[in-house]
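Here is how the chains run, residue by residue.
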Number of protein chains: 2
Amino acid sequence: MYPKSIKDLIECFKFLPGIGEKTAERLAFSILDLEVEQTNLFSDSIKNVKQQIHKCKNCNTLTDQDLCNICSDSTRDTTVLCVVEDTRNVFLFEKLATFHGKYHVLDGLISPLDGVNPEDIGIEKLLDRINKEKFHEIIFALKPSIEGETTSLYIKKILEGMNITVTRLASGVPIGADMEYVDSLTLERALNDRKEIE
Amino acid sequence: MYPKSIKDLIECFKFLPGIGEKTAERLAFSILDLEVEQTNLFSDSIKNVKQQIHKCKNCNTLTDQDLCNICSDSTRDTTVLCVVEDTRNVFLFEKLATFHGKYHVLDGLISPLDGVNPEDIGIEKLLDRINKEKFHEIIFALKPSIEGETTSLYIKKILEGMNITVTRLASGVPIGADMEYVDSLTLERALNDRKEIE
């Protein structure tokens, strides 16, 4: 029914997460409204991203170089390592511009129910780095879920006796949240982790 | 902060309607999860759509040929013409597979407030076709809004005395709608257009 190139493009938009038939149709038609320069850039960017982006050989952050910008930046604090579960979280922290240490990206979180065991998430590579780079503190910035806490605890155990401070992000009530909508687990954690007002 | 090719791709997704910074970032990263064959197809489809798709020289439907599939299909009913305001609506009707006449796509609707006058929406081309192709009935399948009704009335006036039946889509309560959520204009129209139960 649709001309072939439109049909192909609709199918391609459906590859993307959260995009169904209707949205894919709308987006495919909207490509026709763009300028040729825009569609050329769009087309090339898709190929470039797939060809040029890979994991940093040191920290696993996605990069277009051998070593990512953060690993090769000599002005960063080399005593603190922030461990995240996904490259996108590196960029989230970088947007804050308040953390100046190094990062390490795991290949996900330990989740035995989903068949993801400790050996599947690249802990070896992290431990190699910790041995080599002599961090004073490791911050676990993992999702506050069973999987996230299992993963931090598992790695913390291995690091015992190495004289490294191991921390996790604070859990608690999000800024601006209505108290009545905060779930009870979060509230319990916020109560346990309460801080003295200074 | 992001590698250049990811940054470019995020900007490209933001060209699309309804896609802001956050969604663009999510979609750009999801491209990395696709297979190379998928990203190649995606990249090529964007270029192909822009290069190959244009308006049918007869009816303005988007097509990759000189004459669209519908105009060149000799089995269609040549006595009925369905006038729509956008190519996408042709495909909507074709999905129903209950209309077998021909289509004509206007370049939008008359809307003096937005500076769109009758000469801007391609009425000349429609009238040429009506003179040549001798339709018995013209169905206006335009949006039931002031612009849609202005456009149908304007063209109907021109067609007076040509012995052509001019119709519009029925307006009324959508199937499955809760009566309490139907707006009063729609309800009024549904009451005026009521049909005898057979």
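Heads up: the structure comes first, above all this text.
Residues numbered from 1 in each chain as written. Chains lettered and ligands numbered in written order. Predicted model: local features only at pLDDT ≥ 70, side-chain atom pairs only at ≥ 80, totals over all residues. Heavy atoms only, no water.

Q: Which residues make up the overall build of chain A, and what values do they have?
A: Within chain A, the secondary structure is distributed over seven helices and six strands. Listed N to C, the secondary structure of chain A is α-α-α-β-β-β-α-β-α-β-α-β-α in terms of helices and strands. Each principal axis of the C-alpha atoms in chain A carries an extent, and together these give about 65 × 45 × 40 Å. Split into buried and exposed, the 198 residues of chain A put 40% on the buried side. Here the contacts in chain A between residues at least 6 apart in sequence split such that 50% fall between residues at least 24 apart. (Helix = DSSP H or I, 4+ residues; strand = E, 2+ residues; numbered from the N terminus. Buried < 20%, exposed > 50% of the residue type's maximum accessible area, 1.4 Å probe, protein only. Contact = heavy atoms within 4.5 Å.)

Q: Which residues make up the relation of the copies chain B and chain A, and what are the values?
A: Of the transformation placing chain B onto chain A, the axial shift is 0.0 Å and the rotation is 180°, giving an RMSD of 0.0 Å. Both chain copies can therefore be described as sitting about a two-fold axis. Closest to the rotation axis within chain B is the C-alpha of serine 43 of chain B, separated from it by 2.1 Å. A high fraction, 100%, of the interface residues of chain B reappear at the interface in chain A, so the copies pair face to face through one surface. (Least-squares fit on C-alpha atoms with pLDDT ≥ 70 in both.)

Q: Describe the packing of helix α3 (residues 36–52) of chain A against helix α1 (residues 4–13) of chain B, naming the residues involved and giving the relevant values.
A: Two numbers describe how α3 of chain A lies on α1 of chain B: the axes approach to 8 Å, and their chain directions differ by 145°. Crossing handedness for the pair α3 of chain A and α1 of chain B: left-handed. Counting all contacts with α3 of chain A, which are made through Leu41, Phe42, Ser45, Ile46, Asn48, Val49 and Gln52 of chain A, the residues of α1 of chain B involved are Ser5, Ile6, Asp8, Leu9, Cys12 and Phe13 of chain B. (Axes fitted to C-alpha atoms, helices over the stretch in contact; angles between N-to-C directions. Left-handed = near helix turned anticlockwise from the far one by under 90°.)

Q: How would you sum up the environment of leucine 32 of chain A? Please name residues and give values.
A: In this fold, leucine 32 of chain A is placed in helix α2 (residues 21–32). Sequence separation between leucine 32 of chain A and isoleucine 6 of chain A is 26 residues; the distance between their C-alpha atoms is 9.5 Å. Dropping the residues within four chain positions of it, leucine 32 of chain A is found in contact with Ile6 of chain A together with Val49, Lys50, Ile53 and Leu62 of chain B.

Q: Any details on the interface of chain B and chain A? Residues and values, ideally.
A: Each side of the interface is counted separately: chain B has 48 residues, and chain A has 48 residues. Viewed at the interface, chain A and chain B are joined by six salt bridges. For arginine 88 of chain B, the salt bridge goes to aspartate 33 of chain A, with nearest N and O atoms at 3.9 Å. Secondary-structure elements contributing two or more residues to the side of chain B that touches chain A are α1, α2 (21–32), α3 (36–52), β2 (62–63) and α4 (87–96) of chain B. It is α3 of chain B that contributes the most residues to the side of chain B that touches chain A, 15 residues altogether. (Salt bridge = Lys/Arg side-chain N within 4 Å of Asp/Glu carboxyl O.)

Q: Before we move on, can you summarise α4 of chain B with the specific residues and values?
A: Restricting attention to buried positions, one finds in α4 of chain B the residues Thr87, Asn89, Val90, Phe91, Phe93 and Glu94 of chain B. Close packing links the buried residues of α4 of chain B with α2 of chain A together with β2, β3 (80–84) and β4 (102–105) of chain B. Looking at where α4 of chain B begins, the residue whose side-chain oxygen comes 2.8 Å from the main-chain nitrogen of arginine 88 of chain B is aspartate 86 of chain B. Positive backbone phi, at 60°, marks alanine 97 of chain B, one or two positions downstream of α4 of chain B. (Polar contact = N/O pair within 3.5 Å; in protein donor to acceptor, adjacent residues only side chain to side chain.)

Q: How would you explain the pairing of β3 of chain B if you had to name every residue and give the values?
A: All names here are of chain B. Burial of β3 is extensive: five of the five residues sit out of reach of the surface. Across the two faces of β3 the burial is the same, with Val80, Cys82 and Val84 and Leu81 and Val83 all buried. Both β3 and β4 contribute to a ladder of four bridges, which runs parallel. Each residue of the ladder has a partner; that of cysteine 82, found in β4, is tyrosine 103. With α4 bridging β3 and its parallel neighbour β4, the resulting β-α-β unit is right-handed. (Pairing = 2+ DSSP bridges. Right-handed = clockwise from strand over helix to strand, strands pointing away.)

Q: So what about the packing of aromatic side chains? Which residues, and what values?
A: In this description, an aromatic ring pair is defined by two values, namely the gap between the centres and the angle between the planes. Scanning all chains against the criterion turns up twelve aromatic pairs over all chains. Ring centres of phenylalanine 13 of chain A and phenylalanine 42 of chain B lie 5.1 Å apart, and the angle between their planes is 80°; this geometry places the pair in the edge-to-face category. Pair noted here: phenylalanine 13 of chain A is in helix α1 (residues 4–14) and phenylalanine 42 of chain B is in helix α3, and the two residues belong to different chains. Under the relative-accessibility criterion, phenylalanine 13 of chain A is labelled buried at 0%. (Phe/Tyr/Trp six-rings, centres within 6.5 Å; stacked < 30°, edge-to-face > 60°.)

Q: Go over the pattern of salt bridges, please, and point to the residues and values.
A: All names here are of chain A. What the rule picks out here adds up to 28 salt bridges over all chains. With a closest N to O distance of 3.9 Å, glutamate 85 and lysine 143 form a salt bridge. Taken as a pair, glutamate 85 in the loop between β3 (80–84) and α4 (87–96) and lysine 143 in the loop between β5 (137–140) and α6 (146–159) lie far apart in primary sequence, 58 residues in all. A residue is classified by how much of its surface remains accessible, and glutamate 85, at 17% relative accessible area, is buried. Note on lysine 143: relative accessible area 47%, which makes it partly exposed.

Function-wise, these values are silent; they only describe arrangement.
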